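Structure at a glance
Spelled out from the first residue to the last, the chains are:
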Amino acid sequence: MCGIVGHVGAKDSDRSLQVVLDGLSRLEYRGYDSAGVAVGATGGLNVVKSVGKLANLKAELEKLGELPGRCAIGHTRWATHGIPSVENAHPHTSLDGALALVHNGIIENATALRQELTRDGFEFVSDTDTEVVVHLLARTLVEELRRPMPEDEGVTGVAGDPSLGGGAEDAAGVAQDLDRNLDHDQAATSDAKNNSLLTPGIPADSLPTAAALTRAMRRIMSELHGTFTLLAVHEDAPGVVVAARRSSPLVIGLGEGENFLGSDALAFAQYTRRAIEVGQDELAVVTPTHVTVLDIHGNRTEPKTLEVDFSADRATKDGWPTFMEKEINEQPRAIADTLANRLDAEGFLTLDELRIPAEVLRTVDKMVIIACGTAAYAGQVARYAIEHWCRIPVEVELAHEFRYRDPVVTEKTLVVAISQSGETMDTIMAIRHAREQGAKVVAVVNTPGSTISRESDAVLLTHAGPEIAVASTKAFTAQITATYILGLYLAQVRGNKFIDEIQDYLDKLAEIPAKVEDVISRGEGVRQAARMLADTASVIFLGRHVGFPVAMEGALKLKELAYIHAEGFAAGELKHGPIALIEDGQPVIIVVPTPRRPELHRKVVSNIQEVRARGARTLVIAEDGDEAVNECADVVFRVPPAPTLYAPLLAVVPLQIFACELATAKGLDVDQPRNLAKSVTVE
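Residues numbered from 1 in each chain as written. Predicted model: local features only at pLDDT ≥ 70, side-chain atom pairs only at ≥ 80, totals over all residues. Heavy atoms only, no water.

Some details on the overall build of the chain
Across its full length, the chain carries 21 helices and 25 strands. By the burial criterion, 62% of the 683 residues in the chain qualify as buried. Considering only intrachain contacts with a sequence separation of at least 6, the fraction spanning at least 24 residues in the chain is 72%. As displayed, the chain has an accessible area near 24,800 Å², and 49% of this comes from carbon and sulfur atoms. (Helix = DSSP H or I, 4+ residues; strand = E, 2+ residues; numbered from the N terminus. Buried < 20%, exposed > 50% of the residue type's maximum accessible area, 1.4 Å probe, protein only. Contact = heavy atoms within 4.5 Å. Areas by Shrake-Rupley, 256 points an atom, 1.4 Å probe, with all protein chains shown as cover.)

What follows is the structure in structure tokens.
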């Protein structure tokens, strides 16, 4: 949801607009319905907005010619308050046009604040909660520019990494530093005299406004209820971006003579691999040479530096027609990379980050997996494996339902949060609730440094690389792989499995990438079947055991991409109601378990016969050599044999290809389906 990008460059640099547009292009996958930029330069701000795709914004910019500027902020909006329109698009500006702001998140007390501001004479041109924020910030900024600076608000700090800049170690903010009309050389002289460094990097004529804007941002953070990432620029402080964050993602990329801001590190991955995390209720003052991060009280914090490991080339189509097709084909690599380097020198499994003592893990008496959408189906697959290997009861909860039903969570509960972005707001709120009850939390995420990873007690990364298409594919198979690693790790710690047993499971899991490659190579038959069904109005999916969540995931993909009704059912539930849906010609896709599990296999074959007897058109996913399905299936998609628990990693691939091809045959955008966002950062 909503992409945010910012850039601050050197005084003689005019590439800020291009950097921001490049970043917004890389964040298109998040889903959006409008876009806009604000470019700051000496002489004022230029704000341009448009509805629809980013191409529309670029066309508007081309009409205006060059817009040079040393800083810029940009935004792609996914509508929450107000319809998609130019008026509702970001950036929003103050009444005088001197201040521009972009916002991710939702301001829950926006209505009350709007009423208050309206009484104060502010006029609104949009329906958004964000315009409330910019007017509130503008009003507070005027107050800060007028009031005298308290003597005790000065800030000193030791000189440190020039990328992070000077700041405060023990005072209430950077405001006094910024207010003093000192340029970088004067600050360096001061440092030589008293071993302190005043916040540098801001031109002398920008200091008063930058200082006041920083103080104003701190003040309004306390007035805003809800979630937000805010980026603000002012025409009287060119070359400065002031940002704030609460429960919405923000990372800052550290460059050479320039710095970057983004709701996702992918926005600036082509320019720098170094970034810092902005924590909860923190704000940042960003100049071309320095970044100062403060808490809500104005105290300087020491942000964690991280390496951005998403290579830029993995965020391009690289010759594929769509990102989704590319990412389906990247699944062997994603699974292999997630498995790589998991054993220590003694052959024991390890996690990426672990802050849970082994003795605590041995006392766990229940696991709760919390996730949404595709990630929840990955959790349902994992439940079968973890219960089998660890003999711990596992519940799978939708994150947005979890904390509202008074769940039974104790100090002996292990919560596993699965999220591709690590910024899914429903999941963030669920893990906070779980931790309040004393539970330990393990994060399974694809994004290092994300909110969920920072707020968890252990982290297991899915090394899938950036997933751009909104409909998840490689993240799903990487999540299953990662949760299997977690299950085996717990079995190791708790003594449920011997090390040679765990090694055998890992060896067989290591064979899966090649088998997925094999499934992908057989995809043409799946595509042909999808094209033949392009006009269908409904598809039913059936599965048993681990095939059941795979069936639900297949149905979700079809709903997301092709906009047709699709439902996944447990095959055994068929006779308890869903069979009433079967009529002549109804497509039914069935995930068939391995014949090596005859008790399951026989029952699913019977289910195929039941629906076919009522006129259904049956499309079956079955193992090579499974001849029993031939007489009751209209179409068979073959996959290589695999252990039962690993079969979902193979069976889901034809369903991904099927949904992608059917949507393509209908002329739909498979990378950016309507109404959907990649990262859902609001509840």
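As for the sheet that holds strand S4 (residues 71-77)
Ordered in space as S3-S2-S4-S1-S10-S9-S11-S14, the eight strands form an open sheet in which the pairing is antiparallel. For this open sheet the edge positions go to strand S3 (44-51) and strand S14 (305-307), each flanked by a neighbour on one side alone. Neighbour-to-neighbour, the strand axes of this sheet turn through a mean angle of 20 degrees, independent of strand direction. Running over the sheet, helix H2 (residues 54-64) touches strand S2 (34-41), S3 and S4 and is turned about 135 degrees from S3. (Pairing = 2+ DSSP bridges. Axes fitted to C-alpha atoms, helices over the stretch in contact; angles between N-to-C directions.)

Side note on the nonpolar core
In this structure, Met 367, Trp 389, Tyr 484, Ile 512, Phe 541, Leu 558 and Phe 658 are the most contacted members of the largest nonpolar core, which totals 93 residues. The element best represented in this core is helix H21 (residues 648-665), accounting for twelve residues. Within the second largest apolar cluster, 35 residues are counted, among which are Ile 107, Phe 122, Ile 202 and Leu 230. (Core = buried A, V, L, I, M, F, W, Y, C linked by side-chain atoms within 4.5 Å.)

Quick notes on the sheet that holds strand S21 (residues 538-543)
Working definition: the strands of a sheet are paired by backbone hydrogen bonds and lie parallel or antiparallel to each other. Read across the open sheet, the five strands follow the order S22-S21-S23-S24-S25; overall the sheet is parallel. The outermost strands of the open sheet, each flanked by one partner alone, are strand S22 (565-570) and strand S25 (635-639). On average, each strand axis in the sheet is inclined to that of its neighbour by 20 degrees, with strand direction left out of account. In this structure, strand S24 (residues 617-623) lies alongside S25, joined through five bridges in parallel fashion. Bridging across to S25, Val 620 finds its partner in Val 636.

Here's the deal with empty space enclosed by the protein
A complete count under the given rule lists four cavities of 30 Å³ or more for this structure. As for the second largest cavity, its lining consists of 21 residues, and the residues nearest its centre are Val 591, Val 592, Pro 593, Thr 594 and Ala 647. Where the lining of the second largest cavity is concerned, the elements lending two or more residues are helix H19 (547-562), S24 and H21. Partitioning the lining of the second largest cavity into residue classes produces 15 nonpolar, four polar and two charged. (1 Å grid on protein atoms, 1.4 Å probe; cavity = no way out; pocket = protein on both sides within 12 Å on 5 of 7 lines; lining within 4 Å. Points joined across faces, edges and corners; volume = space filled by probe spheres on them. Nonpolar A, V, L, I, M, F, W, Y, C, P; charged D, E, K, R; others polar.)

Some remarks on the side chain of Asp 33
Secondary-structure assignment places Asp 33 in the loop between helix H1 (16-26) and S2. Although Asp 33 lies buried, it forms no salt bridge, and the closest oppositely charged side chain, Arg 77, sits 4.1 Å away as judged by the N-O distance. (Lys, Arg positive; Asp, Glu negative; His and termini not counted. Salt bridge = Lys/Arg side-chain N within 4 Å of Asp/Glu carboxyl O.)

Here we look at unusual backbone geometry
The omega torsion across His 90 and Pro 91 is 0 degrees, close enough to zero to call that bond cis. Here Pro 91 shows up in the loop between S4 and strand S5 (92-93). A positive phi angle is found at Asp 281, which is not glycine, with a value near 55 degrees. Assignment of secondary structure puts Asp 281 in the loop between strand S11 (274-277) and strand S12 (282-286). With a phi angle near 55 degrees, His 545 is a residue other than glycine that sits in the positive phi range. Relative to the assigned elements, His 545 resides in the loop between S21 and H19.

Thoughts on helix H7 (residues 207-223)
The end-to-end C-alpha separation of H7 is 25 Å, in line with the 24 Å expected for 17 residues at 1.5 Å each. Taken across its 17 residues, H7 has 13 buried, putting it largely inside the fold. (Expected span 1.5 Å × (residues − 1).)

What to know about the packing of aromatic side chains
Think of a pair of aromatic rings as described by two things: how far the centres are apart, and how the planes are tilted against each other in angle. Scanning all chains against the criterion turns up five aromatic pairs. Among the aromatic residues, those joined into a cluster by ring pairs are Trp 389, Tyr 484, Tyr 505 and Tyr 646. A cation sits over an aromatic face here: Arg 114 above Phe 124, 4.3 Å from the ring centre. For Arg 674, the ring lying beneath its charged end belongs to Tyr 563, and the centroid distance is 3.9 Å. (Phe/Tyr/Trp six-rings, centres within 6.5 Å; stacked < 30°, edge-to-face > 60°. Lys NZ or Arg CZ within 6 Å of the ring centre and 35° of its normal.)

What about the pairing of S2?
Of all eight residues in S2, eight are buried, a share of seventy percent or more. Every second residue of S2 is oriented toward a common face, with Ser 34, Gly 36, Ala 38 and Gly 40 on one face and Ala 35, Val 37, Val 39 and Ala 41 on the other, all of them buried. Direction of pairing for S2 relative to S3: antiparallel, over a ladder of eight bridges. Bridged to Ala 38 within S3 is Val 47.

Things to note about the packing of helix H3 (residues 110-119) against helix H4 (residues 129-146)
Put simply, H3 and H4 touch, their axes get as near as 9 Å, and they point 50 degrees apart. Judged by the angle between their axes, H3 and H4 are oblique. Seen from above, H3 lies across H4 with left-handed handedness. Between H3 and H4, the contacting residues are Ala 110, Leu 113, Arg 114, Glu 116 and Leu 117 on the first element and Asp 129, Val 132, His 135, Leu 136 and Arg 139 on the second. Grouping the constituent residues of the contact of H3 with H4 by class yields five nonpolar, one polar and four charged. (Parallel < 35°, antiparallel > 145°, perpendicular 65-115°, else oblique. Left-handed = near helix turned anticlockwise from the far one by under 90°.)

Structural notes on the side chain of Lys 557
Position of Lys 557 among the secondary structure elements: in helix H19. Relative accessible area serves as the criterion here: at 1%, Lys 557 is assigned to the buried category. Among the polar contacts made by the side chain of Lys 557, one reaches the main-chain carbonyl oxygen of Ser 472 at a distance of 3.3 Å. Setting aside its immediate chain neighbours within four residues, Lys 557 contacts Met 324, Thr 374, Ala 471, Ser 472, Ala 562 and Ala 659. (Polar contact = N/O pair within 3.5 Å; in protein donor to acceptor, adjacent residues only side chain to side chain.)

Thoughts on the environment of Ala 491
Within the element layout of this structure, Ala 491 appears in helix H15 (residues 474-494). For Ala 491, a relative accessible area of 0% puts it in the buried group. Along the sequence, Ala 491 and Cys 390 sit 101 residues apart, while their C-alpha atoms lie 5.0 Å from each other. Setting aside residues no more than four positions away along its own chain, Ala 491 makes contact with Trp 389, Cys 390, Asn 496, Lys 497 and Ile 502.

Re the pairing of strand S20 (residues 458-461)
Neither face of S20 is open: one carries Ala 458 and Leu 460, the other Val 459 and Leu 461, and all of them are buried. Judged from the two bridges that link them, strand S15 (residues 353-354) and S20 form a sheet pairing that is antiparallel. Residue Leu 354 lies in a different strand from S20, and its bridge partner there is Ala 458. As defined by bridge partners, strand S19 (residues 440-445) adjoins S20 across four bridges and the pair is classed as parallel. From the neighbouring strand, Ala 443 faces S20, where its bridge partner is Val 459.

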